[in-house]
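Per-entry structural report
Residue strings, one per chain:
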Amino acid sequence: MKSLLEFKDVISGYGGARVLHGMNLRVLAGESVALIGRNGVGKTTTVNTFLGIAKLMQGTLTLIGQTPRTLHHYTAARAGISLVPQGRHIIPTLTVRENLILGSAVDRKGSWNLDKVYELFPILKERADAPGTALSGGQQQMVAIGRALMANPELLVLDEPSEGLAPVIVDELAAVLRRVHAAGTGILLIEQNYSLIKRSTDRYYVMSKGAVIEQDKMDHLTMDSLKKHVAI
């Protein structure tokens, strides 16, 4: 089965500072995987490494079955990895529709288009001409997910998507992620919300001090075990 994202003994960081220390992680085609851990353990640097923001110092990084010689800010997107960033990063000067269309700039072929995103999030069609930041937090998260899907990714990476959302919106988010996964898109969910993790993923990795210290099937993750690794 094809590897969508794989870290093998990766050491990476910023300048001369190392943040990841022998990071190992793999997401295969058809999988939905969670990456969990306290703030400051290296989850964001994991993302920044395949984005080319953090420097890959040692180890091997595979993106959609390929091992790029160099990493640029566009490498992952062109390979087929889309990110829903922490904080959403909605552009306030653009409408909802325009924010969504930005996701298609990578020009990858696939089934995701505006109509399909509107089918997934009907409220975005109703608010298509509104400024992107005029929406509620939950609706802005829909825009961020829809924009990422417009790139027709093989792997959708979400960084703390439940942050600041009401429980009822988190319920809707879990249902959306299940639909996206059922449609054939792999998922890497970086998250601390137990309910969202349990309902959206099949396997999990736990990070501490820049490396994975535990991995297992999601059925084996309990609230008590999560509390050992995440400040709840």
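Residues numbered from 1 in each chain as written. Predicted model: local features only at pLDDT ≥ 70, side-chain atom pairs only at ≥ 80, totals over all residues. Heavy atoms only, no water.

**A word on unusual backbone geometry**
Our working definition: Numbered from the N terminus, helices here are DSSP runs of H or I no shorter than four residues, and strands are runs of E no shorter than two. Any residue under 20% of the maximum accessible area for its type is buried, any over 50% is exposed, and the rest in between are partly exposed; the area is computed with a 1.4 Å probe on protein chains only.
Despite not being glycine, Asp9 has its phi angle at roughly 50°, a positive value. Assignment of secondary structure puts Asp9 in strand E1 (residues 3-14). The backbone of His89 shows a phi angle near 55°, a positive value even though the residue is not glycine. In this structure, His89 sits in the loop between strand E5 (81-84) and helix H3 (96-102). Classification of His89 as exposed rests on a relative accessible area of 52%.

**Regarding the pattern of salt bridges**
Put simply, the test is: A pair is scored as a salt bridge if a Lys or Arg side-chain nitrogen falls within 4 Å of a carboxyl oxygen belonging to Asp or Glu.
Per the counting criterion, the structure on display carries five salt bridges. In this structure, Lys2 engages Glu154 in a salt bridge whose closest nitrogen and oxygen atoms are separated by 2.8 Å. Taken as a pair, Lys2 in the segment before E1 and Glu154 in the loop between helix H6 (137-149) and strand E6 (155-159) lie far apart in primary sequence, 152 residues in all. When its relative accessible area of 38% is taken as the criterion, Lys2 is described as partly exposed. The exposure class assigned to Glu154 is partly exposed, which follows from its relative accessible area of 26%. Note that Glu6 and Lys8 form a salt bridge whose closest N and O atoms lie 3.9 Å from each other. A relative accessible area of 44% places Lys8 in the partly exposed class.

**Details of the pairing of strand E7 (residues 186-190)**
Keep this limit in mind: Between any two strands, pairing holds if DSSP finds at least two bridges.
Of all five residues in E7, five are buried; the element is thus mostly enclosed. Here E7 shows a buried face lined by Gly186, Leu188 and Ile190 and a second buried face lined by Ile187 and Leu189. The sheet contact formed by strand E3 (residues 32-36) and E7 spans four bridges and is parallel. The residue bridging Val33 from the neighbouring strand is Leu188, located in E7.

**Some details on helix H7 (residues 167-182)**
Selection criterion: Expected span of a helix: the number of residues minus one, times 1.5 Å. Any two residues whose heavy atoms approach within 4.5 Å are treated as being in contact.
The end-to-end C-alpha distance of H7, which contains 16 residues, comes to 23 Å, matching closely the 22 Å that a straight helix rising 1.5 Å per residue would cover. For H7, the secondary structure elements touched by its buried residues are E3, helix H4 (114-120), H6, E6, E7 and helix H8 (194-200).

**Quick notes on the nonpolar core**
We count it as follows: Joining through side-chain atoms within 4.5 Å is the link that ties buried Ala, Val, Leu, Ile, Met, Phe, Trp, Tyr and Cys residues into a set, and such a set is a nonpolar core.
With 33 residues, the main nonpolar core has Leu100, Phe121, Leu124 and Leu158 as its most contacted residues. At the level of elements, H3, H4, H6, E6, H7 and E7 are the ones that each hand at least two residues to this core. Once residues within four sequence positions are removed from consideration, Leu124 is found in contact with Val96, Leu100, Val117, Tyr118, Leu135, Gln139, Met142 and Val143. Membership of the second largest hydrophobic core comes to 26 residues, among which are Phe7, Val33, Val41 and Val157.

**Some words on the packing of aromatic side chains**
Put simply, the rule is: The aromatic pairing rule takes the rings of Phe, Tyr and Trp, using the six-membered ring of Trp, and pairs them if the centres are within 6.5 Å, calling planes under 30 degrees apart stacked, those over 60 edge-to-face and the rest tilted. Cation placement over rings: the criterion is NZ of Lys or CZ of Arg within 6 Å of the ring centroid and within 35° of the ring normal.
Taken as a whole, this structure holds zero aromatic pairs when the rule is applied. The ring of Tyr74 has Arg78 sitting right over it, with the charged end atom 4.3 Å from the ring centre. Between the NZ or CZ atom of Lys116 and the centre of the ring of Trp112, over which it lies, the distance is 4.4 Å.

**Here we look at the sheet that holds strand E4 (residues 55-63)**
We apply this condition: Here, axes are lines fitted to C-alpha atoms. For helices the fit covers the stretch in contact, and angles between N-to-C directions go from 0 to 180 degrees.
Pairing within the open sheet is antiparallel, and its three strands lie in the order E2-E1-E4. Single-partner strands in this sheet number two, and they are strand E2 (17-28) and E4. Strand-to-strand twist of the sheet, defined as the mean angle between neighbouring strand axes without regard to direction, takes the value 5°. Sheet topology places E1 next to E2; nine bridges connect them, and they run antiparallel. By the bridge assignment, Leu5 is partnered in E2 with Val27. Across the face of the sheet, helix H1 (residues 43-50) comes into contact with E1, E2 and E4 while running at roughly 105° to E1.

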